[in-house]
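Here's the letter readout for the chains.
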Amino acid sequence: YAQADRIYRAYLALFPANAKAYSLHFYHGELLFDQTHDFPAAAKEYDGVVAQDAQQLEKHEKPGKGFAKAAEDAVYAWEEVARQAGAKAPPPAKSTTEQPIPAAQQGLVGACARYVKYFPNGPKVAEVEYKAARISYAYNHFTEAVRSFLDIVHSHPDSEVAAYSANLVLDS
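Basis of the calculations
Residues numbered from 1 in each chain as written. Predicted model: local features only at pLDDT ≥ 70, side-chain atom pairs only at ≥ 80, totals over all residues. Heavy atoms only, no water. 1 Å grid on protein atoms, 1.4 Å probe; cavity = no way out; pocket = protein on both sides within 12 Å on 5 of 7 lines; lining within 4 Å. Points joined across faces, edges and corners; volume = space filled by probe spheres on them. Helix = DSSP H or I, 4+ residues; strand = E, 2+ residues; numbered from the N terminus. Nonpolar A, V, L, I, M, F, W, Y, C, P; charged D, E, K, R; others polar. Buried < 20%, exposed > 50% of the residue type's maximum accessible area, 1.4 Å probe, protein only. Axes fitted to C-alpha atoms, helices over the stretch in contact; angles between N-to-C directions. Parallel < 35°, antiparallel > 145°, perpendicular 65-115°, else oblique. Left-handed = near helix turned anticlockwise from the far one by under 90°. Contact = heavy atoms within 4.5 Å. Core = buried A, V, L, I, M, F, W, Y, C linked by side-chain atoms within 4.5 Å. Phe/Tyr/Trp six-rings, centres within 6.5 Å; stacked < 30°, edge-to-face > 60°.

**Observations concerning the layout of surface pockets**
Consideration 1: The space that makes up the largest pocket amounts to roughly 220 Å³.
Consideration 2: Considering the residues around the largest pocket, the lining is formed by V109, C112, A113, V116, E129, A132, A133, S136, E144, A145, R147 and S148.
Consideration 3: Listed by contribution, the elements that provide at least two residues to the lining of the largest pocket are α5 (103–118), α6 (125–138) and α7 (142–155).
Consideration 4: For the lining of the largest pocket, the class distribution of residues is 7 nonpolar, 2 polar and 3 charged.

Right, dumping it as structure tokens:
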């Protein structure tokens, strides 16, 4: 898989504007996530695919075929990045003052926000929005957390995370 990674990187460096670059970035992300477990690099590839598709939408053009999967996989990749960084970072302070959200968790929050923005009716929207809200809550960003928890309760009342969201609104 290391050889395939080198080939993807070389090709994309030489031909960044090639018509196949979109698909190659997506499949490179898949290789990085599934085979080499280079989660930061996979997150970067998925984010790039989502950004390219977002530009297409802004121009009122059809996004690429990997848009939904890249948006979802970006969440998974950033979740792994955050999980690995979380083992090294101290937990947030035990106060009610807003704490800075570490970069890895910010990456996950961003990936979640993009998924929710572009796929508001996606099959994982409640769970994805909940992940971001839990991070905001953990670092005492209660305004954002409560807004997301309430959105989950109102928009996805039958989801697995709706009851948890309602309880966390009451705890805020």
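Once you've had a look at it, read on.
**Things to note about the environment of Q52**
Consideration 1: Tracing the chain through its elements places Q52 in helix α3 (residues 39–58).
Consideration 2: The partly exposed category is assigned to Q52, whose relative accessible area is 33%.
Consideration 3: Spatially, the C-alpha atoms of Q52 and A42 are 15 Å apart, while their sequence positions differ by 10 residues.

**Structural notes on the packing of helix α1 (residues 2–14) against helix α2 (residues 21–36)**
Consideration 1: Direction vectors running N to C along α1 and α2 enclose 155°, while the axes themselves pass 10 Å from each other. By the criterion of interaxial angle, the relationship of α1 to α2 is roughly antiparallel. The two elements α1 and α2 meet at a crossing, and its hand is left-handed. Taking contact as the criterion, the partners of A4, D5, Y8, R9, Y11 and L12 in α1 are, on α2, A21, L24, H25, Y27, H28, L31 and L32.

**Some words on the nonpolar core**
Consideration 1: Of all hydrophobic cores here, the largest spans 32 residues; its most connected members are Y46, V75, L108 and Y115.
Consideration 2: When residues of this core are traced back to their parent elements, those giving at least two are α2, α3, α4 (67–86), α5 and α6.
Consideration 3: Per-element accounting of this core gives the leading share, 9 residues, to α4.
Consideration 4: Those residues within four positions of V75 in sequence are excluded, and the remaining contacts are L108, A111, C112, Y115, V128 and K131.

**Quick notes on the side chain of E30**
Consideration 1: Within the element layout of this structure, E30 appears in helix α2.
Consideration 2: Its relative accessible area of 16% is what places E30 among the buried residues.

**Here we look at unusual backbone geometry**
Consideration 1: Here H37, not a glycine, exhibits a phi torsion of approximately 60°, which is positive.
Consideration 2: Take H37: it is sitting in the loop between α2 and α3.
Consideration 3: Of note in this structure, H60 is not a glycine but carries a positive phi near 60°.
Consideration 4: Looking at where H60 falls in the secondary structure, it is placed in the loop between α3 and α4.
Consideration 5: By relative accessible area, H60 is classed as exposed at 76%.

**Description of the packing of aromatic side chains**
To describe a pair of aromatic rings, one takes the distance between the centres and the angle between the planes.
Consideration 1: For the structure on display, the rule yields 11 aromatic pairs.
Consideration 2: Measuring from centroid to centroid gives 4.9 Å for Y11 and F15, while their planes differ by 45°, and the two rings are tilted.
Consideration 3: Looking at Y11, the relative accessible area reads 26%, which means it is partly exposed.
Consideration 4: On the basis of relative accessible area, F15 is assigned to the partly exposed category, the value being 41%.
Consideration 5: Between Y130 and F149, the aromatic rings sit 5.9 Å apart at their centres with planes inclined by 50°, giving tilted as the arrangement. Placement of the pair is Y130 in helix α6 and F149 in helix α7, with a sequence separation of 19 residues.
Consideration 6: By relative accessible area, which is 15% here, Y130 ends up buried.

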